[in-house]
Amino acid sequence: MSRFIKYLKCSRCGRIYSYEDARITCENNDLGRLDIYYDYEAMKEVVTKDYLAKIPLESMWKYKDLIPPKDESKIVSLGEGATPLIKAKRLAEELGLKNLYLKDETRNPTGSFKDRGMSVAVSVAKEFGFTKAVTASSGNAAAALAAYGARAGIDVIAFVIEQAGYGKIAQLLFYGAKVFRVRGLGREDPTVKLMRMVHEKFGFYMAPSFGPFNPYQIEGPKTISYEVVEQLGWRRPDWVFVPVGAASLLTGVWKGFRDFRELGIIPDLPHLFAVQSTGNPPFVRAYKEGQDPFNIRPWDHPHTIAWGLEDPYPWDGDAGIAALKETKGDAEEVPDELILKAMKLLASREGVFAEPSGAAGLAGLMAALEDGRIDKDEEVVVLITGHGLKDPDVVKESAGDAPTISADLEEFKAVLSNAYGIKI
Ligand SMILES: *Cc1c(COP(=O)(O)O)cnc(C)c1O
């Protein structure tokens, strides 16, 4: 019920629209993102730290004053957000850090942070009166859209990349989405191409998890930052590690901290650290090489176990690079082996089971600690973005299978020693 939305402005051509225009894209520039601007002066009068502290953190909609839709009765929710901020003592010790926190986004209704964005996107679709939606996704965003679409009675067509893990497809099919695996991932993402054609020809509401084709969903991940500040006792951490595909999450997290700075809740912003896999690092390369943020070179042959980060073109890279610059942040690409190592550490030391994309932020932290870019005394939050059971194939390959034995103590002892190296 954000009555504080002022206007939407195209990130590329600067054209201004009102929220009531119910636009998804800019008329002038087909790659511009309609960034949402708020009236902070008016918001400040109402949304103070005391006001927020009185509302229990039961879902991200606690923060409904800071995100669309305008009409509260249009909110479509499954209780997303309000995920725990876990103090990771064992992991911190192992990495030699003093204060490490995991923002556990695997706890969201469909198993990834994408639920936050899609809850907003579907609420806005309802407010605008759409009954059909279309998406392009590596899986998690589509699964989230399908779940919220099911709840709202909105039909969902989902185009996913051919290689998407079955866990994601199964979810989509059960939520009732009409799912298509699309061939030919390369320089141009074929799922995005199809989505745009279906939008243009048939008027479906586009709801992928990147800004140029849906600016509303970016407002969802803002609530991750609000929650981190609240859960730290209304303080900001020093660093936040963010896995990056399209860079919408990074953009949302940045906007969230900015909102709180505008409202005077925090004095300044944490440094943001963007992480990609060496198998698909177009955003990290663009940042390091100082490429034109509006003309980032796409990655030719994306190939990584982190499907969720496999966007060959970071659609919100312009905002993502601005986020790193404003927060004096940093970026790094990490090999898939380090992502696997991070997955295992997360699960075995802290009991948090993430998919590879979900653990990539931690792999980035490990790389940054290795070369001394992060100080041991700094307070670090790592976003754990998606659940390990999303991708059982990768899990099986790296964890292997369990040995089979009879109900026989001697055999148990022998196999315990052989397979696990433990003697009792
Ligand atoms: C989508 C996704 C990301 C990356 O988010 P972007 O907004 O595309 O940068 C990270 N982790 C998981 C699990 C995801 O599904």
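Residues numbered from 1 in each chain as written. Predicted model: local features only at pLDDT ≥ 70, side-chain atom pairs only at ≥ 80, totals over all residues. Heavy atoms only, no water.

A.B. asks: Tell me what's going on with the site of the ligand, and back it up with residues and numbers.
C.D. replies: Around the ligand there are 16 residues in total, and K114, N140, G245, A247 and T385 lie nearest to it. A247 places a main-chain nitrogen or oxygen 2.8 Å from an oxygen atom of the ligand. The separation between an oxygen atom of the ligand and a polar main-chain atom of L249 is 2.8 Å. When the ligand is considered free in solution it has 380 Å² of accessible area, and contact with the protein chains removes 98% of it. Partitioned by chemical class, the residues of the shell around the ligand number 7 nonpolar, 7 polar and 2 charged. (Near = heavy atom within 4 Å. Polar contact = N/O pair within 3.5 Å; in protein donor to acceptor, adjacent residues only side chain to side chain. Areas by Shrake-Rupley, 256 points an atom, 1.4 Å probe, with all protein chains shown as cover. Nonpolar A, V, L, I, M, F, W, Y, C, P; charged D, E, K, R; others polar.)

A.B. asks: Outline the nonpolar core, supporting the account with residue identities and numerical values.
C.D. replies: Formed by 98 residues in total, the largest nonpolar core has its most connected members in M195, Y205, Y216, L250, F260 and L272. Y205 has contacts with I24, A121, V124, A125, F130, K132, A133, V134, N214 and Y216, leaving out every residue within four places of it along the chain. Counting 38 residues, the second largest nonpolar core, distinct from the first, contains L100, W239, A359 and I384. (Core = buried A, V, L, I, M, F, W, Y, C linked by side-chain atoms within 4.5 Å. Buried < 20%, exposed > 50% of the residue type's maximum accessible area, 1.4 Å probe, protein only. Contact = heavy atoms within 4.5 Å.)

A.B. asks: Any chance you could break down the sheet that holds strand β3 (residues 34-38) for me, citing the residues and the numbers?
C.D. replies: Backbone-to-backbone hydrogen bonds join strands into a sheet, with any given pair of strands oriented parallel or antiparallel. Spatially, 3 strands are ordered β2-β1-β3 in an open sheet, and the strand pairing comes out antiparallel. Across the chains shown, the open sheet's two edge strands, defined by having one partner strand only, are β2 (16-17) and β3. Two elements, strand β1 (residues 5-10) and β2, share 2 bridges in a ladder whose sense is antiparallel. Bridged to K9 within β2 is I16. (Pairing = 2+ DSSP bridges. Helix = DSSP H or I, 4+ residues; strand = E, 2+ residues; numbered from the N terminus.)

Shape descriptors only; they carry no functional weight alone.
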